[in-house]
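Observations on the model geometry
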Amino acid sequence: MLYAVIPAGGSGTRLWPLSRAGHPKFLHPLTGTNSSLLQATVERLAPLTTPDRTLVVTGAAHVAAVARQLTGLPEENILVEPSPRDSCAAIALAAAVIAVRDPDAVMGSFAADHLIRDPGSWVRTVQEAVRGAEQGLLMTVGITPTRAETGYGYLETGAETEGAPWRTVAEFKEKPGAEVAEAYVRSGRHLWNASMFVWRVDVFLAELARQQPALHAGVTAIAAAWGTPEQDEILGAIWPTLPKISVDYAVMEGAATAGRVATVPGDFGWNDVGDFHTLGDVLPADGEGNVVLGTDAKPGVLLRDSTNLVVVPQSGRLVAVLGVSDLIVVDTPDAVLVCPRDRAQDVKALVDELKERGEEGYV
């Protein structure tokens, strides 16, 4: 049985002002249902694992909200990061804690804030990745590209493995420019890197020790004290000293160079809900192409002669829109955002400016 780890961090600044540091996007119901992104992730994992083998790694500010949303999860399966140290420390801590419980375990890491339109196909893809992990490979789930996307990293694949559905990963590629992205898609050798990983915990921790010995030593010491009276003291002393680095840079790129990484291509309607424009593309729209979140709220939304809008009413006020197209309108109790859909990626710049102005209360 797979152990599932869900890193639940980040503030989703491109979804501001809906997503805030204190209530980030994975806690919001952006799935087209009443489930939050986090709850949908746990629900999607049900055919692969059980609540007692599901761990969430999150920040201290979000522990209470995560526990409220995931009432079926054992309390001890919510691992608390004292401060953000990027993805490698979070994932490595979970791997080390699992290794203490079950040294032969296979673990999968799946972000808390992704949308999957075809969960059944996703489950089958992950099951194939588990097969590769059982053979000692560090596995990823790659996404078959549907367009020349410049906002995602890519996996450059090598030869197919005879008798298996996975391919070797030759290299991890950074987010490309438009021309390079088009060349990647034409090549047929490149997949989107969705940062979904599956491996045996002993294999991953050995690779971590090879490439990042200080990080390995730190999480191993923390895991040894996990669940004991010394846990908080040791966590508080060691955690701030851990390198702040992503798991891709820390482990996976070097492991790929050494021939230890493979990927299973998947095509299951994956989306990382990176901004409001993307949200408008993946959620159901009305006959005019308008996507409205929270339509059950009153007084709700009044749209007239308007098309291709993304409207997010969160303030309890009526939101009325007349005679416009291709806009994002987000109304929260303390902030209103209006911008063209094609500028959705630039919303992060507003958050950066608020920080520079010292207006952290809006962030």
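Here's a quick rundown of the structure.

Parameters and conventions
- Just so you know, the residues in each chain are numbered from 1, in the order the chain's sequence is written.
- This being a predicted model, a pLDDT of at least 70 is required before a residue's local features are given, and a value of 80 or more before pairs of side-chain atoms are given or counted; all residues contribute to the totals for chains, interfaces and linings.
- Just so you know, side-chain values use all the structure's heavy atoms and leave hydrogens and water out.
- Note on conventions: DSSP H or I runs of at least 4 residues are helices, E runs of at least 2 residues are strands, and numbering of each starts at the N terminus.
- Atoms counted for the radius of gyration: C-alpha only. Globule rule: 2.2 Å times residue count to the power 0.38.
- Here's how the labels work: a residue is buried when its accessible area is under 20% of the maximum for its type, exposed when over 50%, partly exposed in between, all with a 1.4 Å probe on protein chains only.
- Contacts are assigned to residue pairs that have any heavy atoms within 4.5 Å of one another.
- Here the accessible surface of atoms and residues is derived via Shrake-Rupley with a 1.4 Å probe, and residues count as covered only by protein chains that are part of the display.
- When charges are counted, Lys and Arg are positive and Asp and Glu negative, with His and the chain ends excluded.
- We put the charge of a Lys on NZ, of an Arg on CZ, of an Asp on CG and of a Glu on CD.
- Only protein atoms enter the 1 Å grid used here. Points where a 1.4 Å probe fits but cannot escape make up a cavity, open sets with protein on both sides within 12 Å along at least five of seven lines make up a pocket, and a residue lines them when an atom lies within 4 Å of a point.
- Grid points are joined across faces, edges and corners, and a volume is the space filled by probe spheres set on the points.
- The nonpolar class holds Ala, Val, Leu, Ile, Met, Phe, Trp, Tyr, Cys and Pro. Asp, Glu, Lys and Arg form the charged class, and all remaining residues, Gly among them, are polar.
- Each pair of strands is called paired provided DSSP finds at least two bridges between the two strands.

Below, the discussion takes up the overall build of the chain. Helix and strand content of the chain: 11 helices and 17 strands. At 21 Å, the chain has a C-alpha radius of gyration in line with the 21 Å of a compact globule built from 363 residues. Along the longest, intermediate and shortest principal axes, the C-alpha atoms of the chain span 60 × 50 × 40 Å. The 363 residues of the chain split such that 51% are buried. Look at the contacts in the chain between residues 6 or more apart in sequence, and 65% of them connect residues 24 or more apart. If you sum the accessible surface of the chain, you get close to 16000 Å²; carbon and sulfur atoms cover 50% of it. Placing the 29 positive and 45 negative side-chain charges of the chain at their respective mean positions leaves the two points 2 Å apart.

Counted under the stated rule, the structure contains one cavity of 30 Å³ or more. Looking at the largest cavity, its volume works out to about 40 Å³. As for the largest cavity, its lining consists of T41, R44, L45, F110, A111, H114, W122 and M196. Here the residues of the lining of the largest cavity sort into five nonpolar, two polar and one charged.

Tracing the chain through its elements places R68 in helix α2 (residues 63–69). Taking the C-alpha atoms as reference points, R68 and H23, 45 residues apart in sequence, are found 13 Å from one another.

This part takes up the sheet that holds strand β12 (residues 291–292). Paired through backbone hydrogen bonds, the strands of a sheet run either parallel or antiparallel to each other. Overall, mixed pairing links the four strands, which are arranged β12-β14-β16-β17 in an open sheet. Since the sheet does not close on itself, it has two edges, and those belong to β12 and β17 (336–340), each with one partner. Relative to β17, strand β16 (residues 327–331) runs antiparallel, the two sharing five bridges. Paired with I328 across the two strands is C339, which belongs to β17.

Function cannot be read off these values alone, since they describe shape.
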